[in-house]
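Analysis of the macromolecular model
Spelled out from the first residue to the last, the chains are:
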Amino acid sequence: MVRSSQATSYTFSSSPYFDDRGPHGHAEPITERVNPHSRPIVSYYFPKGVGAQHYGERHPMKPHRLTLTNALVLGYGLDKQIHNIYNPRPATQAELEAYHDHDYIEFLSRVTPQNQAEMKQMIDTFNCVEDCPIFADMYEFCRMYAGASLAAARKLCAGTTDIAINWSGGLHHAKKAEASGFCYVNDIVLAILELLRYHPRVLYIDIDIHHGDGVEFAFYHTNRVMTVSFHKYTGDFFPGTGKLDDNGTGLGKHFCLNVPLKDGIDDDMYLTIFKTVIEDTVTAFRPTAIVLQCGADSLGCDRLGAFNLSIAAHGECVNFVRKFNVPLLVLGGGGYTIKNVSRCWTYETSVLVGASIPDELPVTIYDSFFRETKWKLHPPLTGRVENQNTAASLQRITIAVRNKLRYLQGAPSVALQEIPPDLAGWLEDEERTREEKDEERSTATAGESRDDRSMARNEFFDGDRDNDADTADEVPLSQSATSKGKTPASASTAGRKARGGKRGRGRGRPKSGVSTAESVASVSSMAVDEDDETEEPSPVRSTRGRGRGRGRGRARGTKAQAKERDTETPPPDDASMDVDPEPLDV
């Protein structure tokens, strides 16, 4: 027999799946699909399973906010307005080590809650304590959000998207070799390094309430990345950096801008200084790509924040940057009141795709999270903290920032340099031959090139195969001809035949004497070139070079003609000289 109390009790399975909103309506999802050519192309990155990670029971960082955000985006039907939605692959260890130290990444890949006692010393070394605890699948979580940011950056470099969104990224505190501020891997730095492979100048904007110290330190010495951070600064508020005087160094001097603010800043003040600083910065720096970190802990009523910003003002900052029509990478960041974070990033997604959504939230399985605020997209979040900022303090900050921008003197130029290796480049460590490289570039010229050295006809060559080279055992042509019973003329003809190889018969080409020093005697006996069809000797013409292009044509006369030519005065050997000819004294 079942008791009445048990019969009337409710289990989870029998409870209402959605809240009964009564008079508070709900938003109907958008059903019209976006025209691919009607607006800027937007790509949305959401790694599957990234919202299921958990830092710990009492830890303020809740990756579950990503699941809430994605549910609201799909509930509003914004997926119909997004051109591309991706589940990107996790980043590889080599990709993470493009910025982070190998030992640090190796540590993240090995440490687990089960073996952290044995790795206590390394945990202290890499600052994985308190704020950055060791939790299950921590390394996989880092690979997920870093891989999404890298995939978004590659999409922007390829020019196949105009706006890329990754709300799981934006962890801006991680350093090169240590964790910091809930951040283990700095996906922002990795994404900017990927953007720099194509874009000469990248502007980084940070509207998190905490200073973006990890990104600023990474690019503190370069003029290709300008960092602009709007944050709370009191000297002891985490991370304790971000003074107005921080300026960059070396090539990066004046390329680091900080806008330190005090507690309680409201919408009007924040939007005024944000638009003024960003407009001046974009005008002076002229970025070719922008990375926008949209930390939602700058909203009012945040668990760790102290500002009075509304969701509408936070979204207006995103909309202002979008209107520059520069390739834009939008990332998440801080935000520790997860119901407000999810509403903020959902609203900013609608801003980026250019869609208008109502104030009523759509029906999702997470209705209970928004019950207190009557399921509204824009709940009242302002006026909770006293505003300690004044118009005079903000004007002083604006003047200081403009003075820094005056030193830029135009956007910095970028010299041609080697592009950093991509993922495929990591596999090209082995040596390759020239033919293999030709085959990679194109098969059109592979195997068609020659290794021997090509020469022009009038080029001087002094090598192993030099026909004019002097050898110790070389016999003058006149002596060799006499020993064989031949005339000097026939001997010289044989010598030229051996030197010339099987060359074509020249037409009307003059003959010149042999240019070697040992054959001066034979030069005196050489006859003037004659044409094949005439018996009259043709005049000698001076030619440039060493006479490598002589013709082989020689008139064949009688012995008397050969003897008569032997008694004639030989022509001057001016084939290789440009001065007036002088007779040789033989």
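Preceding this section is the structure that the text describes.
A brief structural summary. These numbers come from a predicted model, not from an experiment.

Moving on to the overall build of the protein chain. A tally of regular secondary structure across the protein chain gives 17 helices and eight strands. For the protein chain, the residues scored as buried account for 46% of the 586 residues in total. The contacts of the protein chain with a sequence gap of at least 6 include a subset with a gap of at least 24, amounting to 78%. When the accessible surface of the protein chain is split by element, carbon and sulfur atoms take 50% of a total near 31,000 Å².

As a general feature of sheets, a regular strand has side chains that alternate between the two faces. Among the six residues of strand 6 (residues 256-261), six are classified as buried, and the element is accordingly described as predominantly covered. Where burial is concerned, the two faces of strand 6 agree: the one with C256, N258 and P260 and the one with L257, V259 and L261 are both buried. Taken together, the six bridges between strand 5 (residues 225-232) and strand 6 define a ladder with parallel strand orientation. Along strand 6, the bridge assignment pairs H231 with P260.

Let us look at the pattern of salt bridges. Taken as a whole, this structure holds 13 salt bridges when the rule is applied. Across the pair E194 and R154 runs a salt bridge, and its minimum N-O distance is 3.8 Å. A residue pair is termed long-range when its members are at least 10 positions apart, and E194 in helix 7 (residues 187-195) and R154 in helix 6 (residues 138-158) qualify at 40 residues. Judged by relative accessible area, E194 falls into the buried class, the value being 14%. D213 serves as the salt-bridge partner of K175, at 3.0 Å between the closest nitrogen and oxygen.

Take helix 6 next. Taking 1.5 Å of rise per residue, 21 residues should cover 30 Å, and helix 6 covers 31 Å from first to last C-alpha, within 8% of that figure. With 18 of its 21 residues buried, helix 6 lies for the most part within the structure. Note on helix 6: the residue one or two positions beyond its end, G159, has a positive phi of about 75 degrees.

Right, let's get into the state of the cysteines. Under the defined criterion, the tally for this structure stands at zero disulfides. No disulfide involves C344; its sulfur sits 7.5 Å from the nearest other cysteine sulfur, which is in C294. A residue is classified by how much of its surface remains accessible, and C344, at 0% relative accessible area, is buried.

The next thing to look at is the environment of T272. Within the secondary structure, T272 is located in helix 9 (residues 267-285). For T272, a relative accessible area of 51% translates into the label exposed. As for T272 and L394, which are separated by 122 residues in sequence, their C-alpha atoms are 9.2 Å apart.

Taken across its five residues, strand 7 (residues 289-293) has five buried, putting it largely inside the fold. Residues A289, V291 and Q293 line one face of strand 7 and the alternating positions I290 and L292 line the opposite face, and both faces are buried. Bridge count between strand 4 (residues 202-206) and strand 7: five bridges; the pairing is parallel. Looking at strand 7, one finds that D206 is bridged to Q293. Traced from strand 7 through helix 10 (residues 311-322) to strand 8 (residues 328-331), the parallel crossover comes out right-handed.

As a further point, take the side chain of D208. Examined against the element boundaries, D208 turns out to sit in the loop between strand 4 and helix 8 (213-218). Look at D208: it is buried, it has no salt bridge, and the nearest opposite charge is R65 at 7.2 Å. Side chain to side chain, D208 and Q293 meet in a polar contact 3.5 Å long. What D208 contacts, discounting residues up to four positions off in sequence, is H172, F230, H231, Q293, G295, D297, G333 and G334.

One open sheet accounts for eight strands, arranged 2-1-3-8-7-4-5-6; its pairing is parallel. The open sheet terminates on both sides in strands that have one partner only, identified here as strand 2 (84-86) and strand 6. Ignoring which end each strand starts from, the neighbouring axes of this sheet average 15 degrees apart. In this structure, strand 3 (residues 163-166) lies alongside strand 8, joined through four bridges in parallel fashion.

As a further point, take the packing of aromatic side chains. Scanning all chains against the criterion turns up 19 aromatic pairs. By way of ring pairs, the aromatic residues F230, Y270, F274, F307, F320 and F324 are connected into one cluster. Taking the ring centre of F237 as reference, the NZ or CZ of K232 above it sits at 4.3 Å.

Calculation rules
- Here the residue numbers are simple positions, counted from 1 along each chain's written sequence.
- Under the rules for a predicted model, residues below a pLDDT of 70 receive no local features and side-chain atom pairs below 80 are neither given nor counted, while totals for whole chains, interfaces and linings still include all residues.
- As a convention, hydrogens and water are excluded, and side-chain values are obtained from all of the structure's heavy atoms.
- Helix and strand definitions here come from DSSP, where helices need a minimum of 4 consecutive H or I residues and strands a minimum of 2 consecutive E residues; each element is numbered from the N-terminal end.
- With a 1.4 Å probe rolled over the protein chains alone, any residue whose accessible area is under 20% of its type maximum counts as buried; one over 50% counts as exposed, and the rest are partly exposed.
- Two residues qualify as a contact provided that any one of their heavy atoms is within 4.5 Å of a heavy atom in the partner residue.
- Using the Shrake-Rupley algorithm and a 1.4 Å probe, accessible areas are obtained, with residue cover drawn only from the displayed protein chains.
- Should DSSP find at least two bridges between two strands, the strands are taken to pair.
- Should a side-chain nitrogen of Lys or Arg be within 4 Å of a carboxyl oxygen of Asp or Glu, the pair is scored as a salt bridge.
- To estimate the expected span of a helix, subtract one from its residue number and multiply by 1.5 Å.
- The disulfide criterion is simple: two cysteine sulfur atoms within 2.5 Å.
- With the strands pointing away from the viewer, any crossover whose connection runs clockwise from the first strand over the helix to the second is right-handed.
- Charge counting treats Lys and Arg as positive and Asp and Glu as negative, with His and both chain ends excluded.
- Throughout this description, a polar contact denotes any pair of N or O atoms lying within 3.5 Å of each other; where both atoms belong to protein, one of them has to be capable of donating a hydrogen while the other can accept it, and for residues adjacent in sequence the pair is counted only when both atoms sit in side chains.
- Lines fitted to the C-alpha atoms define the axes, with helices restricted to the stretch that makes contact. Angles between their N-to-C directions range from 0 to 180 degrees.
- Stacked, edge-to-face and tilted labels apply to pairs of Phe, Tyr and Trp rings (six-membered ring for Trp) whose centres lie within 6.5 Å, assigned for plane angles under 30 degrees, over 60, and everything in between, in that order.
- Lysine and arginine charges are scored as sitting over a ring when NZ or CZ, respectively, is within 6 Å of the ring centre and within 35 degrees of the ring normal.

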